Amino acid sequence: MKFIHLSDTHLGYHQYGLSERAKDYFDVFMSAVDKAIEYKVDFIIHTGDFFHHNRPSNETLLEGIEIVRRLKENNIPIFTIAGNHDRGSGVRDKSALEILSHFGLKVLDGNVDDSLGVNIFGLKYISPIFIKRTLKIDEIFENLYEKASNKNNFNILMLHLEFEPFFQSGIDLEKIIQEGMFDYIGIGHYHQRQEPTKIKGSTVVYSGSTEFTQFNEKAYVEKGCYLVEVEGKTCKTTFIPLTTRKFLSFSFDDNNIDQVLSDIKNLDFSSFDKKPILFLKGKSQEFLTRKDVFFKLEKEELLDRFLYINVDIVNQSKKVLDFQVIDDTENFVTIKEKLRELLDEEELIQKLEGIIENLRAFQDLKEIEEFLNKNEDLLRI
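Residues numbered from 1 in each chain as written. Predicted model: local features only at pLDDT ≥ 70, side-chain atom pairs only at ≥ 80, totals over all residues. Heavy atoms only, no water.

1. A word on the sheet that holds strand S10 (residues 202-206)
Pairing is mixed across the open sheet formed by six strands, whose spatial order is S5-S6-S7-S8-S10-S9. In this open sheet, the two strands that pair with only one neighbour each are strand S5 (111-113) and strand S9 (197-199). On average, adjacent strands in this sheet sit at an angle of 25° to one another, irrespective of strand direction. Pairing analysis gives four bridges linking strand S8 (residues 184-187) to S10, with the strands arranged parallel. (Pairing = 2+ DSSP bridges. Helix = DSSP H or I, 4+ residues; strand = E, 2+ residues; numbered from the N terminus. Axes fitted to C-alpha atoms, helices over the stretch in contact; angles between N-to-C directions.)

In structure tokens:
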């Protein structure tokens, strides 16, 4: 028996406000379906965040239906659980996952499916605060396990929870799972895939997201899913890479920015399946602005080479914060001084200074609005 484990597909995510990015999420999800058909797997488990929004658009719902339909045509059942992005009001309306269940998606929540000769357990996302205040998660696992009529089957547990050390939740899987209870534990929610590990006899796998939902060059690891081959009560896991749009990152300063842009211009763009996304991170003593950088990119005819360009500059010059002043009744104070007068949290002050420096590069409100719409993370403090 063999199955594919994937997670966090975030179908319908218009990252950076771009329809092209939404299509990327569908394309890579469908490529995982292609792999399932190629490897002739018996089923797929999906460990949460099938959709990016709990009320996806009609177009995104149709994409979900197309994915489930294609799998059904090839006799490959797909099991999933609700992640934090999938959650909606079960009282007021049906969730998108429930709608897809009418087309063949098997949604598990606190129950088990043994129709394929294996026990597939599923538990939807529960916030760590709720777990700490009202629940004993180890008892939930035990009660879930007891629902299996034949515990000698290969036991698979699907989770979308926040475990240490990946989240500061205070929830340690090793402390709450019992020895030999589950043979395979597939976990979603954490987007950076991890090498499979053994915890109390269970093979624990974080498959990561199938696409990049945010860019962090330190965590730029290959995206994909896991092929799991089962024999008896043991399993073998193999990572299957999936092709995604490339993210490129370059650092610059006042002295080398022209050379960096020249290096970018000399890239072999024909090697990319799709237009890449570019992140430029710079430090400037001369108050170089985003607008200056985009002007240079335009001059080098690079703007059209990328789907999206993000420029992040740390201005080490004091030109803005030390020389722009606020009329404070009788006295004039710098913006930096005013921030430190109002706030006592250094990290927050630095964050606000960075936001001000970014926004000062624009000439009018419309430009600022467009920038903020494409850079929602900037204002997350």
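2. What to know about the packing of helix H7 (residues 257-265) against helix H8 (residues 290-299)
The N-to-C vectors of H7 and H8 enclose an angle of 45°; their axes lie 11 Å apart at closest approach. Taken together, the axes of H7 and H8 are oblique relative to one another. Pair H7 / H8 crosses with right-handed handedness. Contacts between H7 and H8 involve Ile257, Asp258 and Leu261 from the former and Val293, Lys296 and Leu297 from the latter. Here the residues of the contact of H7 with H8 are counted per class, giving four nonpolar, no polar and two charged. (Parallel < 35°, antiparallel > 145°, perpendicular 65-115°, else oblique. Left-handed = near helix turned anticlockwise from the far one by under 90°. Contact = heavy atoms within 4.5 Å. Nonpolar A, V, L, I, M, F, W, Y, C, P; charged D, E, K, R; others polar.)

3. Quick notes on the environment of aspartate 114
Within the secondary structure, aspartate 114 sits in the loop between S5 and strand S6 (119-122). The class of aspartate 114 is partly exposed, set by a relative accessible area of 39%. It is 8.5 Å that separates the C-alpha atoms of aspartate 114 and serine 149, two residues lying 35 residues apart in sequence. The residues touching aspartate 114, leaving out its near neighbours within four places in the chain, are Asn119 and Ser149. A distance of 3.4 Å separates a polar atom in the side chain of aspartate 114 from a polar atom in the side chain of serine 149. (Buried < 20%, exposed > 50% of the residue type's maximum accessible area, 1.4 Å probe, protein only. Polar contact = N/O pair within 3.5 Å; in protein donor to acceptor, adjacent residues only side chain to side chain.)

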